[in-house]
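Per-entry structural report
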Amino acid sequence: MNKCHSNTELSSHEGTRSQFNGGECAIKLGIDAHQDFYVVVEQVDGTNPKPPQRFPKRAFLRWAARLKENTGAEVHAVYEACGFGFSLQRQLSSLGVQCHVVCPQKLDEQNRRVKTDGLDAKALVLKLDRFVQGNRSALALVRVPTEEEEQKRAIHRQREQLVKARKQLEAQGRSLMVNHGLEPVQSWWKPRAFAALPVPQWMKELLANSQPILVALQQKIASLTIQLQSSATPKQPRGLGLMTSVIIDREIGDWYRFNNRRQIASYTGLCPGEYSSGTPACKAA
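A brief structural summary. (Residues numbered from 1 in each chain as written. Predicted model: local features only at pLDDT ≥ 70, side-chain atom pairs only at ≥ 80, totals over all residues. Heavy atoms only, no water.)

**A few points about a nonpolar patch on the surface**
- Together, Leu240, Ile248, Trp255 and Tyr256 make up a nonpolar patch on the protein surface, roughly 440 Å² of accessible area in all.
- Summarising the element assignment, Tyr256 is placed in the loop between α9 (242–252) and α10 (261–268).
- Overall, the relative accessible area of 79% leaves Tyr256 in the exposed class. (Patch = residues over 30% accessible without salt bridge, like charges linked within 9 Å, V, L, I, M, F, W, Y side chains within 5 Å. Areas by Shrake-Rupley, 256 points an atom, 1.4 Å probe, with all protein chains shown as cover. Salt bridge = Lys/Arg side-chain N within 4 Å of Asp/Glu carboxyl O. Helix = DSSP H or I, 4+ residues; strand = E, 2+ residues; numbered from the N terminus. Buried < 20%, exposed > 50% of the residue type's maximum accessible area, 1.4 Å probe, protein only.)

**As for α9**
- Every buried residue of α9 is accounted for by Met243, Ser245, Val246, Ile247, Arg250 and Ile252.
- The elements touched by buried residues of α9 are α5 (147–179), α8 (211–230) and α10.
- At the exit of α9 stands Gly253, carrying a positive phi of roughly 85°. (Contact = heavy atoms within 4.5 Å.)

**Re the environment of Gln35**
- Summarising the element assignment, Gln35 is placed in the loop between β1 (26–33) and β2 (37–44).
- Residues contacting Gln35, with those up to four places away along its chain left out, are Lys57 and Phe84.

**Brief notes about the side chain of Lys28**
- Among the structural elements, Lys28 can be located in strand β1.
- Take Lys28: its relative accessible area is 0%, and that puts it in the buried class.
- Here Asp45 takes part through its backbone oxygen, which lies 2.7 Å from a polar atom of the side chain of Lys28. (Polar contact = N/O pair within 3.5 Å; in protein donor to acceptor, adjacent residues only side chain to side chain.)

**A word on the pattern of salt bridges**
- Considering all chains together, one arrives at nine salt bridges under this definition.
- Of the charged contacts, one joins Lys28 and Asp129 as a salt bridge, the two residues approaching to 3.1 Å between their closest N and O atoms. Here the residue Lys28 occupies a position in strand β1, and Asp129 occupies one in helix α4 (residues 117–132), the gap between them amounting to 101 residues.
- We note a salt bridge from Lys115 to Asp120, for which the minimum N-O separation is 2.4 Å.
- Overall, the relative accessible area of 7% leaves Asp120 in the buried class.
- Among the ionic contacts, a cluster of salt bridges with common partners joins Arg90, Glu150 and Arg153.

Now the structure itself:
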């Protein structure tokens, strides 16, 4: 096969892909996100993915804006949900890029036991290519909450973090008592209990380092509790307290994104999972 014939076949293949996309070229970006930079693999229509590029955060957004403006093509992007939130998705969407966020997953499908930023970005862009072509199972999409939804749920999440910190400090104090053969005192940090704490003076001096912190934590927790409970709707579901209903409502965000009760149960983990293969037990019997 000569080179000319090969190029003709390649052009024909790309033309078929363009027709499938509605006659327009589509650019796909697989992004491996880090705190200070992004590793990006670009795929133009149905061609092979380009080598990975590393961008500082701001430089990548400028590059994506120029890419969208200069080519006039549909630009799609994907990255895995991570601790950096959804700001990248919102920034790219504001530039006209169709950006998707997906569940973190093992991207080494061939089990080569090689993991690099470039390989992860390439695996993401190949999955995105299948998704754009119509295979909606290629990506496990994550719903991107609105900024207002994130701000609301940040309140009860901070309260949970403060409760966890209080429990850890409280447990450290009880552990100190147990390690020296003393009976642990529940809620030893509360002012009245701490004043009458039956421990040696040296131990009380150590506990006094964390006792004011525990008191301050409890005050913040109580303040956030009142704030959250006061925001609950007057009509509450049966069996749920004010705090529980507020937390569930803010974590769900938008109830109307579910079509039925089964989807709600699946989202919250209330329905059982299934792990089965081979011949069913009833047939084997």
